[in-house]
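Listed below are the residues making up each chain.
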Amino acid sequence: MKYVLGVDGGNTKTDYMVFTADGALVRHKRYGTISHERFPEAFDKTRELLAAHIGEVLDGLAEPEDVAAAFGLAGLDMPFQGDKLKEIISDTGFKLFGAANDGVLGIKAAAPNGYGVCSINGTGTVAAGIDPKGTFRQVSGVHPFSGDEGGGGELTRQTARRVYDELFRFGRPTAMTGRLLNLLEITDKHLYQEVYLNRVYNDIKDWQVSDIMLDCALDGDAVASEALETVGTEMARSAAGCARELDFTGVVIDVVWAGSLWIKPKTPLMRDAFKREFNRLLDCDANFISLNMPPASGAVLWALELNNGAFPQGGLKAKVMDQIQQIKM
């Protein structure tokens, strides 16, 4: 096909990138989220928004049936969600397309051969994997029972919990307590629960609380450090569990880190714990890679793979990545 379309559909925004089959950027558009989990109308709203967006993105270029497309979508966590979202994509007119959880895009963007495992540690978390045969698996991402121990929201909860433990449950002393009480502007510990629940997510953001744990760990606080090591270990268990469901026989597993807490860590504690646990569980020496490109680049490379029959390498891949780097995202 003459054109390919890469779609990164996250929880807050959706990026659409149209390229020619030989790797030339044609069009980039950004809209709000199309995730069915963000709307009361659920899948009906996703269908409405996707149709409208595609109409604008491909206007004057081609019909969807003449475009190879790859979709990385937040909210594609379970089989029934995948079936419904693929139905919507097909009804929009696409014939040649792939669709999976948006964690797959990190693999396509950063793993040299387009297969491996991606661990996302940002606002939320998920582990996704693709093996050399093209089989896809996902572990976690459906909180609370699937081991989603990382992400900014979870660090916020863990910080608040450890402060509560020290104040009321014989918890170990931690510098996080004083810093969080100062942030909340309270001196009476008995106001802690009321003030915290009223202010966090309103005038105090979760990242301000999670940063307390990160900063205290950086200063050597034992409770904060152990908490971050636990996060790293638990996230490794999800990523390694995902890899176990796939076939990486005879190849080194490329593990892609994505999300702000992996890409811009204030402390190496989570990463180091992740590496140790991942390699221990699988008895391997994995190759760990940070995702430093927009995830949408993975969608474009995946779409080219579908269209051309092979994952882009060499000059074609470099051409695509260079053009995406020049886009103001």
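Residues numbered from 1 in each chain as written. Predicted model: local features only at pLDDT ≥ 70, side-chain atom pairs only at ≥ 80, totals over all residues. Heavy atoms only, no water.

### Side note on the sheet that holds strand β6 (residues 116-121)
Alright, step 1. Spatially, β8-β7-β6-β9-β10 is the arrangement adopted by the five strands of the open sheet, whose pairing is mixed. The sheet is open, and its two borders are formed by β8 (136-139) and β10 (287-290), each paired with just one other strand. Averaged over all pairs of adjacent strands, the angle between their axes in this sheet comes to 20°, without regard to strand direction.
Alright, step 2. In this structure, β6 lies alongside strand β9 (residues 254-258), joined through four bridges in parallel fashion. When the bridges of β9 are listed, I120 appears paired with A258.
Alright, step 3. Lying on the sheet, helix α3 (residues 103-110) is in contact with β6, β7 (125-130), β8, β9 and β10; it crosses β7 at an angle near 55°.
Alright, step 4. Where helix α8 (residues 222-244) meets the sheet, its contacts fall on β6, β7 and β8, and the angle it forms with β7 comes to roughly 25°. (Pairing = 2+ DSSP bridges. Helix = DSSP H or I, 4+ residues; strand = E, 2+ residues; numbered from the N terminus. Axes fitted to C-alpha atoms, helices over the stretch in contact; angles between N-to-C directions. Contact = heavy atoms within 4.5 Å.)

### Re the packing of aromatic side chains
Alright, step 1. Taken as a whole and assessed by the stated rule, the structure comprises 12 aromatic pairs.
Alright, step 2. Ring centres of Y16 and Y31 lie 5.6 Å apart, and the angle between their planes is 85°; on these two criteria the pair is classed as edge-to-face. Of this pair, Y16 sits in strand β2 (residues 13-20) while Y31 sits in strand β3 (residues 25-32); the two residues are 15 residues apart in sequence, bridging distant segments of the chain.
Alright, step 3. Classification of Y31 as buried rests on a relative accessible area of 17%.
Alright, step 4. A connected cluster of aromatic rings, assembled from ring pairs, spans W257, W262, F274, F278 and F288. (Phe/Tyr/Trp six-rings, centres within 6.5 Å; stacked < 30°, edge-to-face > 60°. Buried < 20%, exposed > 50% of the residue type's maximum accessible area, 1.4 Å probe, protein only.)

### Here we look at the pattern of salt bridges
Alright, step 1. For the structure shown, the criterion picks out 19 salt bridges.
Alright, step 2. R179 is paired through a salt bridge with D219; the nearest N and O atoms lie 2.6 Å apart. Here D219 lies in the loop between α7 (206-218) and α8 and R179 lies in helix α5 (residues 175-184), a separation of 40 residues in the sequence.
Alright, step 3. Among the residues examined, D219 registers a relative accessible area of 55% and is labelled exposed.
Alright, step 4. One salt bridge in this structure joins D203 and R199, with 2.6 Å as the shortest N-O distance.
Alright, step 5. If you follow the salt bridges from partner to partner, you end up with R47, K84, E87 and D91 in one network. (Salt bridge = Lys/Arg side-chain N within 4 Å of Asp/Glu carboxyl O.)

### Some words on unusual backbone geometry
Alright, step 1. We note that S140 has phi near 70°; this positive angle belongs to a residue other than glycine.
Alright, step 2. Looking at the secondary structure, you find S140 in the loop between β8 and α4 (152-168).
Alright, step 3. Judged by relative accessible area, which is 6%, S140 ranks as buried.
Alright, step 4. A positive phi is found at F170, a non-glycine position, where the angle reads about 60°.
Alright, step 5. For F170, the location among the structural elements is in the loop between α4 and α5.
Alright, step 6. What makes F170 exposed here is its relative accessible area of 87%.

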